[in-house]
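# Inside the fold
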Amino acid sequence: MKYYLIVGEASGDLHASHLMTALKAEDPQADFRFFGGDLMAAVGGTMVKHYKELAYMGFIPVLLHLRTIFANMKRCKEDIVSWQPNVVILVDYPGFNLDIAKFVHAKTQIPVYYYISPKIWAWKEYRIKNIKRDVDELFSILPFEVEFFEGKHQYPIHYVGNPTVDEVVAYQKAHPKNKDQFIAENQLEDKPVIALLAGSRKQEIKDNLPDMLKAASAFPDYQLVLAGAPGISPEYYKRYVGGADVKIIFNKTFPLLRQAEAALVTSGTATLETALFRVPQAVCYHTPIGKVIAFLKRHVLKVRYISLVNLIADREVVKELVADTMTVEQIRAELQRILYDEAYRRQMLDGYEYMASRLGEAGAPVHAAREMVALLKKRFKK
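A brief report on the enclosed structure follows. (Residues numbered from 1 in each chain as written. Predicted model: local features only at pLDDT ≥ 70, side-chain atom pairs only at ≥ 80, totals over all residues. Heavy atoms only, no water.)

Let us look at helix H10 (residues 202–216). In this model, H10 (15 residues) spans 21 Å end to end at C-alpha, consistent with the 21 Å of a helix rising 1.5 Å per residue. The largest bend along H10 reaches roughly 35° and is located at Asn208, with the proline Pro210 sitting one to four residues downstream. Among the residues of H10, Glu204, Ile205, Asp207, Asn208, Leu209, Asp211, Met212, Leu213, Ala215 and Ala216 are the ones counted as buried. (Helix = DSSP H or I, 4+ residues; strand = E, 2+ residues; numbered from the N terminus. Expected span 1.5 Å × (residues − 1). Bend = angle between axes of the 7 residues up to and from the residue. Buried < 20%, exposed > 50% of the residue type's maximum accessible area, 1.4 Å probe, protein only.)

This is the structure:
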């Protein structure tokens, strides 16, 4: 069968590449065409556009590149119609992908599958109308989405597990914990590690890293190691490191979490990765207008938490220091508890076990591929 996939960022490229590998195992004749990235290209098929030509984040960059964005949408729609795939598989990236879904549903008979469903439970819940109308099958990687889509909105979905579980389990199997090797390879001191994961975007790093460093520097028995994000230069980090004693290592987030005793983490998938490595953490997310964001969080946003760890567990497993609650003093106090209060550490680690049980076993791409192929075979037998 012919599969047309669309992703818009690096994480989508990663998840789609694993899905494509699993689809090939289920359907040896699988033929892929995609808007994607290098990891997808390595699996095989034809790349129409690289996601880097689509990925504009923030109001101003989007405004400045509207002509390019519309041109890419037009090209994508025309290419789908021309190639006539058996299915269009959308991966996250809702701003672009929901528009494509609307077109495919209105203008063709091609089914639309959505892998890694849009997070409308947090923001833009009105998009449920578009999803119900334009998406034939929705594949979720977050267990609490089942109640949201099926319970609240009567829209059946497929929960297939979480691919981050697969990535962490695979890494741990392939890389036994080796403290001495980690220290030697990265020229570190023989001290326990506090990991700093300050986000993947420049604005996040600018807003979060200085306070993280100030707070963590109060613990001289520990060494600070910062996970450098892909695409961010060492020179950029140096603007915000100041005189802090911190080592920056790039492309080694998993090795770092494998060795860390504690972590300060900006919200995102990194909070889930940290929990799956069983590293006690504090979630730190600064905003320039903290009190306004705090008000929005209490009265406008649809969820009680911002970290995936707490959202999945549906309770406070990790402390979230967000907006007006993110101060150097509060980060330092939370880190003190994480490092020295054994009962508190144990409570958090027990919370991680509960969260992991809700996520389920590894195998998300395999589960998704198996269901997709079965649904397609059933459809085309009619």
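So, on to the nonpolar core. Core analysis: the biggest nonpolar cluster contains 132 residues, and Tyr3, Leu5, Ile6, Ile89, Tyr115, Leu196 and Leu209 have the highest contact counts within it. In this structure, Leu209 is in contact with Leu196, Ala198, Glu204, Leu226, Tyr237, Tyr240 and Val241, ignoring residues within four places of it in sequence. (Core = buried A, V, L, I, M, F, W, Y, C linked by side-chain atoms within 4.5 Å. Contact = heavy atoms within 4.5 Å.)

Turning to the pairing of strand S8 (residues 193–197), a few remarks are in order. Summarising burial for S8: five of the five residues are buried, a large majority. Going residue by residue along S8, you find Val193, Ala195 and Leu197 tucked away on one face and Ile194 and Leu196 tucked away on the opposite face as well. Note: S8 against strand S9 (residues 223–228), four bridges, orientation parallel. Looking at the pairing, Ala195 lines up with Val225 of S9. Of the crossover connections in this fold, the one passing from S8 over H10 to the parallel S9 is right-handed. Pairing analysis gives four bridges linking S8 to strand S11 (residues 262–265), with the strands arranged parallel. (Pairing = 2+ DSSP bridges. Right-handed = clockwise from strand over helix to strand, strands pointing away.)

So, about the side chain of Gln223. Checked against the element boundaries, Gln223 lands in strand S9. Of the residues examined, Gln223 reaches a relative accessible area of 7% and is grouped as buried. Separated by 2.6 Å, the side chain of Gln223 and the backbone oxygen of Glu189 make a polar contact. Once you skip the residues sitting within four places of it in the chain, Gln223 turns out to touch Leu188, Glu189, Lys191, Pro192, Val193 and Ile194. (Polar contact = N/O pair within 3.5 Å; in protein donor to acceptor, adjacent residues only side chain to side chain.)

On the secondary structure map, Asp166 appears in helix H8 (residues 163–174). Sequence separation between Asp166 and Gly363 is 197 residues; the distance between their C-alpha atoms is 6.1 Å. With sequence-adjacent residues up to four places away left out, Asp166 is seen in contact with Ala362, Gly363, Ala364 and Pro365.

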